[in-house]
Amino acid sequence: MKKKKLKIKYVKVFSASLVLILGVLFIIKPKWTKESIDRIEYSNEAITIMKEKNILDEITKKKYSKTVEKMLESGKYEEKYFDDYTKINCPEKENFEDSINTFLNKNYTPEEINNIFEYLNDTNQKKLKEMEHVDLKDYVKISNLEVDKIERYETYRIEKNTNIQDAVTKVNIGLDLEFYSEIETIQDPDSYTVLLNKYRGLPENYVPLDLTPLSINKNYKLRSKAAEAYEQLQSAALLDNVKFFPFSAYRTKDYQTGLYTKYVGRDGKNAADTYSARPRHSEHELGLAVDIRSDGLNDNLTEEHYKWMLDNSYKYGFIVRYAKGTTPITGYIEEPWHLRYLGVDVATDVHNKGITFDEYYDLYLKNEK
Ligand SMILES: [Zn+2]
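Below: a short report on this structure.

Procedures and definitions
Residues numbered from 1 in each chain as written. Predicted model: local features only at pLDDT ≥ 70, side-chain atom pairs only at ≥ 80, totals over all residues. Heavy atoms only, no water. Helix = DSSP H or I, 4+ residues; strand = E, 2+ residues; numbered from the N terminus. Buried < 20%, exposed > 50% of the residue type's maximum accessible area, 1.4 Å probe, protein only. Contact = heavy atoms within 4.5 Å. Areas by Shrake-Rupley, 256 points an atom, 1.4 Å probe, with all protein chains shown as cover. Donors = N, O, S within 2.8 Å, 3.2 Å for Na, K, Ca; no water. Tetrahedral: all angles 85-135°; square planar, octahedral: opposite > 155°, others 65-115°. Phe/Tyr/Trp six-rings, centres within 6.5 Å; stacked < 30°, edge-to-face > 60°. Polar contact = N/O pair within 3.5 Å; in protein donor to acceptor, adjacent residues only side chain to side chain. Core = buried A, V, L, I, M, F, W, Y, C linked by side-chain atoms within 4.5 Å. Domains from an automatic or database assignment.

## Quick word on the overall build of the protein
For the protein, the count of helices and strands is 17 helices and eight strands. The buried share among the 369 residues of the protein stands at 44%. Counted over contacts in the protein with a minimum sequence separation of 6, partners at least 24 positions apart contribute 54%. Surface summary for the protein: the accessible area is close to 21,100 Å², and the carbon and sulfur share equals 52%.

And the structure:
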């Protein structure tokens, strides 16, 4: 009996204390929690602005958002976008606040905006800000994407029934347009890895300055590094009993003009375009291309020598530029004899990837230049 009374007493005291403690906690809790969030997370500057705008309670009720903080601090905070800001990851770069508002204004979702910041380079982000809203779809993750061409990609993708990566690269090369219909003048003609094709031409007056005669025949010249590499290629081939000779190397614009005109006269323009470049579009005008023939042939390689070139020329910095199966991309017939100098690193990479230089340039070089 005594024991039971004592027990009840303890329970009563305990319950009363509990109620008291909970009550005290309940009264002071909101303030205590809020203050600590403020102090730990948001900067004093942001808190001051929240107080000024009378949004402190509202914002601190929600999870901390660095984007919200940055928008406040920069003075670019727009109340109507509060929820969107909280879903946008804070970009790791300067002055993104205007961009966020611009994209939200153009009705991009927070998810799209996160992708834009994560995947698009500065050029694409800048272009996108100046365009009407476009549906980025999965294009946003394609490394060689050019946002202003998305409509062309879609048309090409559907027409050719291909995937988006293929559509992007092919359209970037220009393949949804007629050859020679839209020509860009290249800005870096002295680069050893410059791309020249039916969409990209040399500046009118460009002449390479370091042309060097090949030791086997002084009439044939290449730019110095390419000439040096050619000597190495020739020596290495000889060790494997592959003997070949140059039959064309550097060509002036006038020479290329004469050649192309002659072929057009003989075979007509359409046919000539499949095997001869128009002036300012030939790699021979760069001093980086050489045509070679097997011993005993006039203007071609034997099957055996062709195979040797495909398997080995990259080790000395050359690729077979117009190999079998590349006609739909290059617009030229298969030319086993035409070697292009790119330097060992790029030639090796092109060889390993097994793609045309046109594709390689768009995928891996364009954005580095
Ligand atoms: Zn050639």
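## Focus: the coordination of the zinc ion
The protein atoms that coordinate the zinc ion are H284 (NE2), D291 (OD), D291 (OD) and H338 (ND1), at distances spanning 2.1 to 2.7 Å. What the four donor atoms of the zinc ion show is an angle range of 54 to 155° at the metal, which sorts the shape as irregular. Between the donor residues of the zinc ion, the gaps in sequence give the motif H-x6-D-x46-H. Pair noted here: H284 is in the loop between α13 (269–275) and β6 (289–294) and H338 is in strand β8 (residues 335–341), with a separation of 54 residues, a long-range link.

## Describing the packing of aromatic side chains
Enumeration over the complete set of coordinates arrives at 14 aromatic pairs. Relative to Y332, the ring of Y322 lies with its centre 4.8 Å away and its plane at 55°, an arrangement referred to as tilted. Residue Y322 is found in strand β7 (residues 318–322), and its partner Y332 is found in the loop between α15 (327–330) and β8; the two are separated by ten residues along the sequence. For the residue pair Y322 and Y332, the accessibility class agrees, reading buried in each case. Geometrically, the ring pair formed by Y360 and Y364 is tilted, given 5.0 Å between the ring centres and 45° between the ring planes. Highlighted residues: Y360 and Y364, both in helix α17 (residues 357–365), separated by four residues, approximately one helical turn.

## Some details on the side chain of H281
Here H281 is to be found in the loop between α13 and β6. One polar contact links the side chain of H281 to the main-chain carbonyl oxygen of N197, over a distance of 2.8 Å. Discounting chain neighbours no more than four positions away, the residues touching H281 are Y180, I183, L196, N197, K198, R200, G201 and Y332.

## What about the nonpolar core?
Most often, soluble globular proteins have nonpolar side chains that are buried together. In terms of nonpolar packing, the biggest core is built from 40 residues, with I59, L72, Y77, L128 and L136 touching the most fellow members. Elements that contribute at least two residues to this core include exactly α2 (44–53), α3 (56–61), α4 (66–74), α5 (82–87), α6 (97–105), α7 (110–119), α9 (150–160) and α10 (164–173). Here this core takes four residues from α2, the largest share from any one element. Mapping this core onto the domain boundaries places at least three of its residues in each of domain 1 (38–133) and domain 2 (137–176). Beyond its immediate stretch of four places on either side in the chain, I59 contacts Y42, M50, V68, L72, Y77 and F82. Core analysis: the next-biggest nonpolar cluster, separate from the first, contains 31 residues, I186, L214, A226 and L339 among them.

## Considerations on unusual backbone geometry
Although it is not a glycine, K137 sits at a positive phi angle of roughly 45°. Inspection of the secondary structure puts K137 in the loop between α8 (122–130) and α9. K137 gets classed as partly exposed once you look at its relative accessible area, which sits at 45%. Here Y180, not a glycine, exhibits a phi torsion of approximately 65°, which is positive. Relative to the helices and strands, Y180 resides in the loop between α10 and β1 (184–185). The class of Y180 is buried, set by a relative accessible area of 9%.

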